[in-house]
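Tertiary structure, described
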Amino acid sequence: MKITIIGSGYVGLVTGACLSEHGNDVLCLDLDPRKIEMLQRGEIPIYEPGLEEIVQRNAAAGRLRFTTDIVESVAHGTVQFIAVGTPPDEDGSADLQYVLAAARNIARYMTDYKVVVDKSTVPVGTADKVKAAIGETLRERGVELPFSVVSNPEFLKEGAAVEDFMKPDRIVVGADDERAIHAMRAIYQPFQRNHDRTLVMDVRSAELTKYAANAMLATRISFMNELANLAEVLGADIELVRRGIGSDPRIGYSFLYPGVGYGGSCFPKDVKALCRSAQENGMDLQVLTAVEAANDAQKLRLVQKVVARFGDDLTGKRFALWGLAFKPRTDDMREAPSLVIVQELLSRGATVCAFDPVAMKEARRILGERIDYAASPMAALDNADALLVVTEWKEFQAPDFERVKSLLKQPVIIDGRNLFDPQTVKAYGIDYDAIGRH
Ligand code: UDX
């Protein structure tokens, strides 16, 4: 099938590459010529395991091409995926200008039937706006052409996006006409594996499903973070509590890890946007509002622990940070708790030396020379008053604790990701403080 992807960012690129992998003829559009030139050379502008191979393989086979030419991109695909950004407005609502501009462009140049698919995470009601924008533009042109608008949200996790796309739990298709449903079923047929995972529903339910999934996961995290803080006060161990509740199949084990707060490009933005769209409809989402507030507070948790130990004035103190990305296996720093932690430490007069296996380039772009960057986890510890663990990269999980102790000025580890067994670390004579453990 001929498919166009509008927007070659994270979601667009993964979608385009994975669809070409199953033999579709995919053309990816982006208005940024530098990005398109890179992609045409086989270079991937983002870090995502497995993506480069898929892009290069399918580009070489001629099934995956990149362009900045809107006219060509509209002409190419019967199915046009809109995967452009929806950055939050100042009030937290999703900014739809790029989505609607993409819709109008399709309408401006189309000459036959198109299925227009909203892939970007967009508020409930956006498909109707997309439909209206296309209808209006066609009327301005004085032509009448058939089109369908579909909501097909993605559920990709950064660091596992290719795997998530190739082996989805479910494929949500919000559509209200058979022609579009038929096209979407055909596209996703190769991804079904042992049973049909497509959930066809009305457009608004599909749009809300995406927000509901992320909001539920964010709620679990904030709930566990709050409970971990309570466990500390009560002298309980949140890790044991986590296992104790996770064993109930109604609860399950995933997304119950307390930490330094959730970050990334989805949870913070989607929780805000859902609260905002409820407000616009005269409703307050009390649970989700609290989820967000609890998360903001959790991002300060490590710094509170630092202050409790070293005092509010951190002048002359130096802290080693392990991990900068908002989670492992990505270089993404969007809404990363590390940014809040660094800011708070610096504002109290401390210096910071950080190591991250892949996010240091991105961190340097954002933080510049305000912090130091180490060449290895151990190098970051040199002369530091404490080690703060911020991201749970695998390479941090089994350090040589003797060495850690000898490099630190004071043997203190404040672990925001509960990476280590407290008894093991303490046996080295290291003062170990984790989240909700003792
Ligand atoms: C998320 C959703 O998982 C994905 O389905 C959606 O499409 C986009 O948003 P992503 O942002 O890539 O994906 O990361 P995810 O692995 O979900 O983690 C989000 C944040 O929650 C990270 O900051 C992570 O550290 C935190 N987290 C996750 C916890 O603090 N505890 C957990 O138990 C799980």
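What you see is a predicted model, and the numbers here were worked out from it, not measured in a lab. For every chain, the first residue of the written sequence is number 1, and numbering continues from 1 along that sequence. At least 70 in pLDDT is required for a residue's local features to be given in this predicted model, at least 80 for side-chain atom pairs to be given and counted, and no such filter applies to totals for whole chains, interfaces and linings, which use all residues.

**Looking at the domain arrangement of the protein chain**
- For the protein chain, the assigned domains read domain 1 (2-201), domain 2 (211-296) and domain 3 (299-434).
- Each domain span listed reflects an automatic or database assignment of domains. For domain 2 and domain 3, the distance between their C-alpha centroids amounts to 24 Å.
- Note on contacts: residues are paired as contacts if their backbone-placed C-beta atoms lie within 7 Å. If you look at the interface, domain 2 gives 11 residues, while domain 3 gives 14 residues.

**Here we look at the UniProt feature "binding site: NAD(+)" (unreviewed entry) in the protein chain**
- UniProt positions are given in the numbering used here, feature names are shortened, and annotations may be inferred rather than shown by experiment. What UniProt calls "binding site: NAD(+)" (unreviewed entry) maps, in this numbering, to Asp30, Lys35, Thr86, Thr121, Glu158, Lys269 and Arg334. In three dimensions, the annotated residues from a span of 305 residues occupy distinct locations, with a maximal C-alpha spread of 24.3 Å.
- Labels follow the DSSP assignment, with helices taken as runs of H or I lasting at least four residues and strands as runs of E lasting at least two, numbered in each case from the N terminus. By secondary structure assignment, the location of Thr121 is in the loop between β5 (114-118) and α6 (126-141).
- Counting other C-beta atoms within 10 Å of a residue's C-beta gives its exposure: the residue is buried at 20 or more, exposed at 12 or fewer, and partly exposed in between, where C-beta atoms are placed from the backbone. According to the C-beta neighbour criterion, Thr121 is buried, with 21 such atoms within 10 Å.
- Those residues in contact with Thr121, other than ones at most four positions away along the chain, are Thr86, Pro153, Lys210 and Asp270.
- Assignment of secondary structure puts Glu158 in the loop between β6 (147-151) and α7 (161-166).
- With sequence-adjacent residues up to four places away left out, Glu158 is seen in contact with Gly264, Thr330 and Asp332.

**Structural notes on the environment of Glu292**
- Positionally, Glu292 belongs in helix α12 (residues 286-298).
- Measuring from C-alpha to C-alpha, the distance between Glu292 and Phe267 comes to 9.4 Å, with 25 residues separating the pair along the chain.
- The contact partners of Glu292, leaving out residues within four places of it in the chain, are Val271, Lys272 and Cys275.

**Details of the site of the ligand**
- In this analysis a residue is considered near a molecule or strand if the C-beta atom, reconstructed from its backbone, is found within 6 Å of that molecule or strand. As a matter of local geometry, the ligand sits amid 19 residues, with Glu158, Tyr257, Tyr262, Gly264 and Cys266 nearest to it.
- Per-element accounting of the shell around the ligand gives the leading share, 3 residues, to helix α9 (residues 203-234).
- When grouped by side-chain class, the residues that make up the shell around the ligand number 11 nonpolar, 4 polar and 4 charged.
- For the shell around the ligand, the domains that each give at least three residues are domain 1 (2-201) and domain 2 (211-296). Amino acids are sorted into nonpolar (Ala, Val, Leu, Ile, Met, Phe, Trp, Tyr, Cys and Pro), charged (Asp, Glu, Lys and Arg) and polar (every other residue, Gly among them).

**Thoughts on the confidence of the model for the protein chain**
- The score called pLDDT rates the predictor's confidence residue by residue, from a low of 0 to a high of 100. Across the protein chain, the average pLDDT comes to 96, with 100% of residues at or above 70.
- Taken together, the chains of this predicted complex give a pTM of 0.93 and an interface ipTM of 0.96.

**Here's the deal with the sheet that holds strand β14 (residues 431-434)**
- Strands were regarded as paired on the criterion that DSSP finds at least two bridges between them. Strand order in the open sheet made by the 6 strands is β11-β10-β9-β12-β13-β14, with parallel pairing throughout. Looking at the sheet topology across the chains shown, the edges are occupied by β11 (372-373) and β14.
- With 4 bridges connecting them, strand β9 (residues 318-322) and strand β12 (residues 386-389) associate as parallel partners. When the sheet's bridge partners are listed, Trp322 is paired in β12 with Val389.
- Fitting a line to C-alpha atoms yields each axis, with helices limited to the stretch in contact; the angle taken between N-to-C directions then spans 0 to 180 degrees. Sitting on the sheet, helix α14 (residues 337-347) is in contact with β9, β10 (351-355) and β12, with an inclination near 155 degrees to β10.

**Description of the UniProt feature "binding site: substrate" (unreviewed entry) in the protein chain**
- In the numbering used here, UniProt assigns the feature "binding site: substrate" (unreviewed entry) to Phe155, Leu156, Lys157, Glu158, Lys210, Phe255, Leu256, Tyr257, Pro258, Gly259, Gly263 and Lys327. Spanning 173 residues, the annotated positions stay apart in the fold, the maximum distance between their C-alpha atoms being 23.7 Å.
- Along the chain, the position of Pro258 falls in the loop between α10 (238-246) and α11 (267-280).
- Note on Pro258: 28 C-beta atoms within 10 Å, which makes it buried.

**So, α11**
- Here, expected helix span is obtained from the residue count minus one, scaled by 1.5 Å. Between the first and last C-alpha of α11 there are 20 Å, a value that for 14 residues agrees with the 20 Å anticipated at 1.5 Å per step.
- If you check which residues of α11 are buried, you get Phe267, Pro268, Asp270, Val271, Ala273, Leu274, Cys275 and Ser277.
- Looking at the buried residues of α11, the elements they touch are α9 and α12.

**Describing the packing of α9 against α12**
- For the pair α9 and α12, interaxial distance at closest approach is 9 Å and the crossing angle is 55 degrees. Taken as axis vectors, α9 and α12 run oblique relative to one another. Crossing angle aside, the handedness with which α9 passes α12 is left-handed. Mapping the contact onto sequence places Ala215, Ala218, Thr219, Ser222, Asn225 and Glu226 in α9 and Val287, Leu288, Val291, Ala294, Asn295 and Gln298 in α12.
- Split into classes, the residues belonging to the contact of α9 with α12 amount to 6 nonpolar, 5 polar and 1 charged. Angles are sorted into four bins: roughly parallel if under 35 degrees, roughly antiparallel if over 145, roughly perpendicular if 65 to 115, and oblique for all others. Each helix crossing is assigned a hand: it is left-handed if the near helix lies turned anticlockwise from the far helix by less than a right angle, otherwise right-handed if that turn is clockwise.

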